[in-house]
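Understanding the architecture of this molecule
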Amino acid sequence: MKIIKRKNILKIAIDSPAAAGAGTLAKAISKHYKLYYLDTGKIYRYIAYHKLKFPKKYNQNYIRSKIKSLKINYLSNKFLLSDQVGIEASLISKIKNLRKIVHNFQLDFAYNPPKKYKGSCLDGRDITYKIVPDADFKFYITANIKTRAKRRFKELKKLNKKISYTEVLKSIKKRDKNDFKRKISPLKKTKDSLLINTTNLTKRACFLKIKKIIDRKLYN
Ligand code: C5P
C-alpha cells in the first residue's frame, strides 16, 4: 500500500511507558492544535482483545482482516481498557509480523489525516523513531512507577474493575519489562525527544508546558 503524504501538516510524536499520562496530554494537545489523534496502544489492545476472545480464530490472516476493516471508533470500546488486555497487548506487540501488519495503518493515520485536521498526533512506544521519525515535535512522557500505578489504579476503579493497587503495580512493572527490553521496537527516549516528567505536575501544568514548547517554535 502506497502511503499518501499530505504536505505542510503538523506532526507530533509521543512515546511513553504505561500510565504516564501521555494519552490525556496527547488528547488535550490534539484538541488545541486540531490534530488527528491516535493512541497506538489501542491497536495492540484491539488485537489482544480478539486473541483472548476468539483464540481459535486467531492467526495472521485474522489479524490482517481485523486491521483492514478497523475503524477509529472501534478503538474506544471500553473492553480494551482492562488490565488483562493490556498485558496481552504487551506480549503480542513483540511479534515482528504483527507490527508489520499495523505499520501502514499508523502511517496512513499520521501522514494523511482528514482535511479538517491540521495534522496528526500519535502516542505509543516506537512513534518517535519508527512510525513518525520526521515529526515536528517529539516528546518522551514519563512519571515514576508508583505514580503511574496509582493513576492506573484510579482509572480502573472508575471502570469498576476488581483489582488492587498492588496488582496494578505488578502489572505495570511487567509491562515496562516487556516494552523496554524487547528486541523489536523497544520503548526508548530518542535523543531528539523532549523529556516531560509528569510525576509532580497536574494535567493542566503538563499541557501548558508542552504548549509553550510548541508555540515557541510555531509562532517565533
Ligand atoms: O499504551 P498502552 O498501554 O495502551 O499499550 C498497550 C501495549 O501495547 C503496550 O504495553 C505495548 O507493549 C504495546 N504498544 C506497542 N507499541 C506502541 C503502542 C503500544 O508495542 N506504539
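Notes on the structure follow.

The rules behind each value
Residues numbered from 1 in each chain as written. Predicted model: local features only at pLDDT ≥ 70, side-chain atom pairs only at ≥ 80, totals over all residues. Heavy atoms only, no water. Pairing = 2+ DSSP bridges. Helix = DSSP H or I, 4+ residues; strand = E, 2+ residues; numbered from the N terminus. Axes fitted to C-alpha atoms, helices over the stretch in contact; angles between N-to-C directions. Core = buried A, V, L, I, M, F, W, Y, C linked by side-chain atoms within 4.5 Å. Buried < 20%, exposed > 50% of the residue type's maximum accessible area, 1.4 Å probe, protein only. Contact = heavy atoms within 4.5 Å. Parallel < 35°, antiparallel > 145°, perpendicular 65-115°, else oblique. Left-handed = near helix turned anticlockwise from the far one by under 90°. Nonpolar A, V, L, I, M, F, W, Y, C, P; charged D, E, K, R; others polar. Expected span 1.5 Å × (residues − 1). Near = heavy atom within 4 Å. Polar contact = N/O pair within 3.5 Å; in protein donor to acceptor, adjacent residues only side chain to side chain. Areas by Shrake-Rupley, 256 points an atom, 1.4 Å probe, with all protein chains shown as cover.

**A word on the sheet that holds strand S3 (residues 119–124)**
Strand order in this open sheet of 5 strands is S2-S3-S1-S4-S5, and the pairing throughout is parallel. With one partner strand each, in any of the chains shown, strand S2 (35–39) and strand S5 (194–197) form the two edges of the open sheet. In this sheet, adjacent strand axes meet at a mean angle of 20° when their direction is disregarded. Sheet topology note: the strand S1 (residues 10–15)/S3 ladder contains 6 bridges and is parallel. Looking at S3, one finds that Ile-12 is bridged to Cys-121.

**Overview of the nonpolar core**
Formed by 33 residues in total, the largest nonpolar core has its most connected members in Ile-43, Ile-47, Ile-67, Leu-122 and Val-132. Residue assignment for this core shows that the elements contributing at least two residues are S2, helix H2 (41–53), helix H3 (60–68), helix H4 (83–92), helix H5 (96–111) and helix H6 (127–131). With 8 residues, H5 is the largest single contributor of residues to this core. Setting aside chain neighbours within four positions, we find Leu-122 in contact with Ile-12, Ala-13, Ile-14, Leu-38, Thr-40, Gln-106, Phe-109, Ala-110, Ile-127, Ile-131 and Val-132. Within the second largest apolar cluster, 21 residues are counted, among which are Ala-20, Leu-35, Phe-137 and Cys-206.

**Observations concerning the packing of helix H7 (residues 145–158) against helix H8 (residues 165–181)**
Following both chains from N to C, one finds H7 and H8 inclined at 120°, their axes separated by 9 Å at the closest point. Judged on the interaxial angle alone, H8 and H7 are oblique. Here the hand of the crossing between H7 and H8 comes out right-handed. Between H7, through Ile-145, Lys-146, Arg-148, Ala-149, Lys-150, Arg-152, Phe-153 and Leu-156, and H8, the contact on the second element is made entirely by Tyr-165, Val-168, Leu-169, Ile-172, Lys-173, Arg-175 and Asp-176. Its residues placed into classes, the contact of H7 with H8 shows 8 nonpolar, no polar and 7 charged.

**Quick look at the side chain of Asp-215**
Along the chain, Asp-215 turns up in helix H9 (residues 203–219). Exposure remark for Asp-215: the relative accessible area of 18% places this residue in the buried category. Sequence-distant contacts of Asp-215, that is, excluding residues within four places in its chain, are made with Tyr-33 and Asn-220.

**Concerning H9**
Taking 1.5 Å as the rise per residue, H9 with 17 residues should run 24 Å; its terminal C-alpha atoms sit 24 Å apart, in good agreement. Turning to H9, its buried residues are Cys-206, Phe-207, Ile-210, Ile-213, Ile-214 and Asp-215. Those residues of H9 that are buried are in contact with S1, helix H1 (22–33), strand S4 (137–142) and S5.

**Focus on the site of the ligand**
Around the ligand sit 14 residues in total, of which Arg-45, Arg-99, Arg-175, Asp-179 and Arg-182 are the nearest. Here an oxygen atom of the ligand and a side-chain polar atom of Arg-45 are 2.6 Å apart. In this structure, an oxygen atom belonging to the ligand sits 3.0 Å away from a side-chain N or O atom of Ser-93. Protein chains bury 95% of the 450 Å² of accessible surface belonging to the ligand in isolation. Those elements that place two or more of their residues in the shell around the ligand are H2, H4 and H8. Considering every element that reaches the shell around the ligand, the biggest residue donor is H2, with 3 residues.

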